[in-house]
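Overview (structure and organization)
Listed here are the chains, written in short residue letters.
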Amino acid sequence: MMNKKRLMAILAAGVLTATSFNPVMIKAESVSAEEAGMAVPADAAGMSVPADAAGAAVSADEAGAAVSADEAGAVVAGDGSETAVFSEDGTPVKKTVKAADINMKVQDSYDFPFLGLKAVLPEELKKQIENSDMLMITEEEWNDDSTGFKYAFFHWNKLTEDQKNEDVNLLGTGYEDWLKSIERVGTLGVYSKDVIDDLDSITGCNEHKELGTSEDGNYKYYLSINKDAESDLTDEIEKIETTITEMTAFDPSKSVFDMPAENANPDAGNVGAFETTDIDGNAYTEKVFSDYDLTLVNCFTTWCSPCVNEMPDLDKLYQEMKEKGVGVVGMVIDSVGEDGTTDEDTVKKAQILKEKTGVTYPLLIPDAGNMNGRISGLSSFPESFFVDKDGNIVGDPIMGSKNLEDWKTAVEDALEKINSGK
């Protein structure tokens, strides 16, 4: 399992709200081709991995891709030496961005349930952020097994007029190198007990004020400043009002700075009743499952190369097994935004994918209830599960992509469970 060190790079003003995703760049430290091709973590929509390791759609011959990189929404270097960078909503981002455009949106208050933290910034600090005199960014690092996080914090940095207009390179180590070149002023964060001794190196600050401890005792909250920075800047950081609340249970499908999914129900036993359409506007309900003894529900995104690359095999599976009572349904997860509205641009991308891959099974837009909450908070892309003719979810979820033969084996195993009454 790769280390999900998340370098939070806010690539446009207005993100990090309750109704929008936080664009992020993630550095994969060591990911084998086999590991990366298996599944893209759902939290890592912005995952940055070597193009060849990620199974990116470089060409049909090289990667077995059904569509080109542009059509899949992937950003890959031609020689594979650089990294692919995506925003967390699946939108390709530029290789460079103006420093001032990385700044977080100023809000009256910030609420982060996964961190158990609320914050209100002083007016002068908000003005400095709005003018990009101060740069506000987030950073987080997860445990190696992705069961929790080691630390997560905001950091504020002083920008000169020249630095505001700098082009920040988002590839390779460019972003990290650039962060080291600007002046850190202060941080506000949450840290697991085992990293407390490393606060200086983690935060880039040298004076730390403990604010409190999480209810379970595993995390401490600190407001930190760089004593060498200008006092009028550090004074504003020290005026930040904080409230420590109960932590919402960690969700590996999201950044710790995201809001929890309201209707997530990964343990749902049935998809429930729903109404939706496919990407071509045809109406569908839960009765889509009643025509088959078993249906494979494949949850994917238009930007995920492993997802796209397996679609032809999924259609072969459908063609070979539909007469045996096995159906396939695709769920285009990124076709609906956090506000519940359909993203028409993504639907158009999905229509292109359908044409290029030649799939004949339905590609559905998630319904308002996200199939009884089952497709909220997915752990990976792609992620699949089986449903019987009564809408009951059969067996465990399947993380990652498979080839045709592996899918046949998975189908046979699921059919056996149905026939045995398990």
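In what follows, the accompanying structure is described.

Definitions and limits used
Residues numbered from 1 in each chain as written. Predicted model: local features only at pLDDT ≥ 70, side-chain atom pairs only at ≥ 80, totals over all residues. Heavy atoms only, no water. Helix = DSSP H or I, 4+ residues; strand = E, 2+ residues; numbered from the N terminus. Buried < 20%, exposed > 50% of the residue type's maximum accessible area, 1.4 Å probe, protein only. Lys, Arg positive; Asp, Glu negative; His and termini not counted. Salt bridge = Lys/Arg side-chain N within 4 Å of Asp/Glu carboxyl O. Polar contact = N/O pair within 3.5 Å; in protein donor to acceptor, adjacent residues only side chain to side chain. Contact = heavy atoms within 4.5 Å. Pairing = 2+ DSSP bridges. Axes fitted to C-alpha atoms, helices over the stretch in contact; angles between N-to-C directions. Arc of directions from axis to C-beta. Parallel < 35°, antiparallel > 145°, perpendicular 65-115°, else oblique. Left-handed = near helix turned anticlockwise from the far one by under 90°. Nonpolar A, V, L, I, M, F, W, Y, C, P; charged D, E, K, R; others polar. Phe/Tyr/Trp six-rings, centres within 6.5 Å; stacked < 30°, edge-to-face > 60°. Patch = residues over 30% accessible without salt bridge, like charges linked within 9 Å, V, L, I, M, F, W, Y side chains within 5 Å. Areas by Shrake-Rupley, 256 points an atom, 1.4 Å probe, with all protein chains shown as cover. Charge placed at Lys NZ, Arg CZ, Asp CG, Glu CD. Core = buried A, V, L, I, M, F, W, Y, C linked by side-chain atoms within 4.5 Å. Disulfide = S-S within 2.5 Å.

**Description of the side chain of Glu-310**
In this structure, Glu-310 sits in helix H9 (residues 305-321). This buried residue, Glu-310, is left without a salt bridge; Lys-402 holds the nearest opposite charge, at 8.3 Å. A polar atom in the side chain of Glu-310 sits 3.0 Å from the backbone nitrogen of Lys-402. Once residues within four sequence positions are removed from consideration, Glu-310 is found in contact with Asn-298, Pro-382, Ser-401, Lys-402 and Trp-407.

**Here's the deal with the sheet that holds strand S19 (residues 363-364)**
Strand order in this open sheet of 5 strands is S19-S18-S17-S21-S22, and the pairing throughout is mixed. The sheet is open, and its two borders are formed by S19 and strand S22 (393-399), each paired with just one other strand. In this sheet, S19 lies alongside strand S18 (residues 326-332) in parallel orientation, the contact comprising 2 bridges. Residue Met-331 lies in a different strand from S19, and its bridge partner there is Leu-364.

**Things to note about the pattern of salt bridges**
Inspection of every chain in the model, using the stated rule, returns 14 salt bridges. A salt bridge links Glu-141 to Lys-150; its shortest N-O distance comes to 3.8 Å. If you follow the salt bridges from partner to partner, you end up with Asp-108, Glu-123 and Lys-126 in one network.

**Comments concerning the sheet that holds strand S6 (residues 110-112)**
Reading across the sheet, the 3 strands line up as S6-S7-S14 and stay open at both edges, with antiparallel pairing between neighbours. Strand pairing shows two members of the sheet lacking a second neighbour, S6 and strand S14 (241-244), which therefore form its edges. Across the sheet, the mean angle separating the axes of adjacent strands is 10 degrees when strand polarity is ignored. By the bridge criterion, 3 bridges tie S6 to strand S7 (residues 117-120) in an arrangement that is antiparallel. The residue of S7 that forms the bridge with Tyr-110 is Ala-119.

**Regarding helix H4 (residues 123-130)**
Those residues of H4 that fall on the buried side of the exposure criterion are Leu-125, Lys-126, Gln-128 and Ile-129. The buried residues of H4 occupy an angular sector of 160 degrees when the element is viewed end-on, so they sit on one face. In this structure, H4 carries Glu-123 and Glu-130 as exposed residues pointing more than 90 degrees from its buried face. The inward-facing, buried residues of H4 contact strand S8 (134-142), strand S9 (149-158) and helix H8 (231-238).

**Digging into the packing of H9 against helix H11 (residues 404-419)**
In contact at an axis separation of 9 Å, H9 and H11 are set at 50 degrees when each is read in the N-to-C sense. The pairing of H9 with H11 is recorded here as oblique in orientation. Crossing angle aside, the handedness with which H9 passes H11 is right-handed. Contacts from Glu-310, Asp-313, Leu-314, Lys-316, Leu-317, Glu-320 and Met-321 in H9 reach Leu-404, Trp-407, Lys-408, Val-411 and Glu-412 in H11. Its residues placed into classes, the contact of H9 with H11 shows 6 nonpolar, no polar and 6 charged.

**Details of the packing of aromatic side chains**
Counted according to the given criterion, the structure contains 17 aromatic pairs. Ring geometry for Tyr-191 and Tyr-222: centres 6.1 Å apart, planes at 65 degrees, overall edge-to-face. Taken together, the residues Tyr-191 in strand S11 (residues 183-192) and Tyr-222 in strand S13 (residues 219-225) connect sequence positions 31 residues apart. By the ring-pair criterion, three or more aromatic residues cluster together here, those being Tyr-110, Phe-112, Phe-154, Trp-156 and Phe-257.

**A look at a negative patch on the surface**
A cluster of acidic residues, Glu-124, Glu-207, Asp-232, Asp-235 and Glu-238, forms a negative patch on the protein surface. Ranked by residue count, the leading element in the negative patch is H8, at 3 residues.

**Side note on the nonpolar core**
Phe-289, Met-331, Phe-385 and Phe-386 are the most contacted members of the largest nonpolar core, which totals 49 residues. Elements with a contribution of two residues or more to this core: strand S17 (294-300), H9, S18, helix H10 (344-357), S19, strand S21 (383-388), S22 and H11. Aside from chain neighbours lying at most four places away, what touches Phe-386 is Leu-294, Thr-295, Leu-296, Asn-392, Ile-393, Val-394, Ile-398, Ala-410, Val-411 and Ala-414. If you look at the next biggest cluster of nonpolar residues, it comprises 30 residues, including Leu-115, Tyr-221, Ile-225 and Phe-257.

**Here's the deal with the side chain of Thr-276**
With respect to the helices and strands, Thr-276 occurs in strand S15 (residues 275-277). Residues within four places of Thr-276 in sequence aside, it is in contact with Asn-282, Ala-283, Tyr-284, Leu-364, Ile-365, Pro-366 and Asp-367.

**Looking at the state of the cysteines**
Evaluated as defined, the whole model comprises 1 disulfide. Paired by a disulfide, Cys-304 and Cys-307 hold their sulfur atoms 2.4 Å apart. The S-S bond linking Cys-304 to Cys-307 shows a torsion near 80 degrees; that makes this disulfide right-handed. The two residues Cys-304 and Cys-307 agree in class, both being buried.

**Some remarks on the environment of Thr-341**
Within the element layout of this structure, Thr-341 appears in the loop between S18 and H10. What makes Thr-341 partly exposed here is its relative accessible area of 44%. C-alpha separation for the pair Thr-341 and Ala-368, spaced 27 residues apart in sequence, amounts to 9.1 Å. Look past the residues within four positions of Thr-341 in its chain and what remains in contact with it is Ser-335 and Val-336.

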